[in-house]
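# Remarks on the overall topology
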Amino acid sequence: CRILRYRKPLCFIAENVKGILSANKNQAFPLILQIFREAGYQVTYDILDASDYGVPQKRERVFIVGFREKSVLDRFVFPKPVTSKKKTPLKNILFPDEQINEKYYFSERAVTGMEKVKGKMNKGRVQDPDGPCNTVSAHLAKVSLNSVDPVLKVGGRFRRFTPREVARIQSFPEEFQLNVSENRAYRALGNAVPPVLAYEMACAIYRS
């Protein structure tokens, strides 16, 4: 909001996790909207799922859009889903098994430990390759079989996604360079807004 008050752009987009709607017993989100209004913007919001826009990932996020002019807000319409019925499957972006480095597979010790106490563990969420992936997050740098982060089960073995696969799950183009350590790549990609959905939002604003 400090940036909005100083730079006064014609519009802005803010994105956050869906839990922000219920944060602080449902009291935080109305305050956030009010602060945006006090900064001089007419605002609206909606929950968008990236998988509705061709992204191979179920990722629900709250998008807040603000305009300085109410007449522009009145014309604005959030982008309509383009793949709401036929989702893009995860298998479209996975590397062939033979190209996966052994380091991405969980050790037999980790799997054995999981099986011993599987009644008490989350058992990393194994993904269905024929559907979109569950939400990828910054936690993928330290994903384990006792987490809610998505993992793959291939030929009876469990593995995590490679950084490039995560980039694909997030809809980053192949030419996007991951010139950082793997841990930093996982964190940055997991926190990112899928570029394809960002493009749809930008087009919706342009049409206004």
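Our subject in this report is the structure included herewith. In this text, all values refer to a predicted model and were calculated from it rather than measured experimentally. (Residues numbered from 1 in each chain as written. Predicted model: local features only at pLDDT ≥ 70, side-chain atom pairs only at ≥ 80, totals over all residues. Heavy atoms only, no water.)

Before going further, it helps to spend a moment on the nonpolar core. Nonpolar side chains in soluble globular proteins tend to be buried together. Counting 26 residues, the largest nonpolar core has Leu 90, Phe 106, Leu 145, Phe 158, Phe 161, Val 166 and Ile 169 as its most contacted members. Among the secondary structure elements, those contributing two or more residues to this core are helix H5 (108-116), strand S5 (150-154), helix H6 (163-169) and helix H7 (182-191). Phe 158 has contacts with Tyr 105, Phe 106, Val 111, Met 114, Val 126, Leu 145, Val 151, Leu 152 and Lys 153, leaving out every residue within four places of it along the chain. With 15 residues, the next largest nonpolar core counts Ala 50, Phe 67, Leu 73 and Phe 78 among its residues. (Core = buried A, V, L, I, M, F, W, Y, C linked by side-chain atoms within 4.5 Å. Buried < 20%, exposed > 50% of the residue type's maximum accessible area, 1.4 Å probe, protein only. Helix = DSSP H or I, 4+ residues; strand = E, 2+ residues; numbered from the N terminus. Contact = heavy atoms within 4.5 Å.)

Once that is clear, we can look at the sheet that holds S5. Within the open sheet, the three strands sit side by side as S4-S5-S6. Their pairing is mixed. If you trace the sheet from one side to the other, it starts and ends with strand S4 (125-126) and strand S6 (157-159), each paired once. Strand direction decides the pairing type here: S4 and S5, joined by two bridges, are parallel. Counterpart to Arg 125 in the pairing with S5 is Pro 150. (Pairing = 2+ DSSP bridges.)

Hydrogen bonds between backbone groups are what pair the strands of a sheet, and the pairing can be parallel or antiparallel. The antiparallel open sheet is built from three strands, whose spatial order is S1-S3-S2. The sheet terminates laterally at strand S1 (11-17) and strand S2 (42-49), the two strands that pair on one side only. Ignoring strand direction, the axes of neighbouring strands in this sheet form an average angle of 20 degrees. Where S2 lies against strand S3 (residues 60-67), eight bridges are found, and the strand directions are antiparallel. Its bridge partner lying in S3, Val 43 is registered against Gly 66. Packed onto the sheet, helix H8 (residues 195-207) meets S1, S2 and S3 and runs at close to 25 degrees relative to S3. (Axes fitted to C-alpha atoms, helices over the stretch in contact; angles between N-to-C directions.)

Our next topic: the pairing of S5. Burial within S5 is extensive, with four of its five residues counted as buried. Pairing geometry for S5 and S6, over three bridges, is antiparallel. Looking across to S6, one finds that Lys 153 is bridged to Phe 158.

Of note, Gly 19 is situated in the loop between S1 and helix H2 (23-26). C-alpha of Gly 19 to C-alpha of Ala 138: the two residues are 119 residues apart in sequence and 16 Å apart in space.

Glancing now at the packing of aromatic side chains. Each pair of aromatic rings is reported with the distance of its centres and the angle of its planes. Under the definition given, this model contains six aromatic pairs. Both rings, one in Phe 67 and one in Phe 76, keep their centres 5.5 Å apart while their planes meet at 50 degrees; by these two values the pair is tilted. Their ring planes at 45 degrees and their centres at 4.6 Å tell us that Phe 172 and Phe 176 sit as a pair that is tilted. By relative accessible area, which is 35% here, Phe 176 ends up partly exposed. The structure contains a cluster of three or more aromatic residues connected by ring pairs, namely Phe 12, Phe 36 and Tyr 41. Lying over the aromatic face of Tyr 41, Arg 68 brings its terminal NZ or CZ to 5.2 Å of the ring centre. (Phe/Tyr/Trp six-rings, centres within 6.5 Å; stacked < 30°, edge-to-face > 60°. Lys NZ or Arg CZ within 6 Å of the ring centre and 35° of its normal.)

By themselves these figures say nothing about function.
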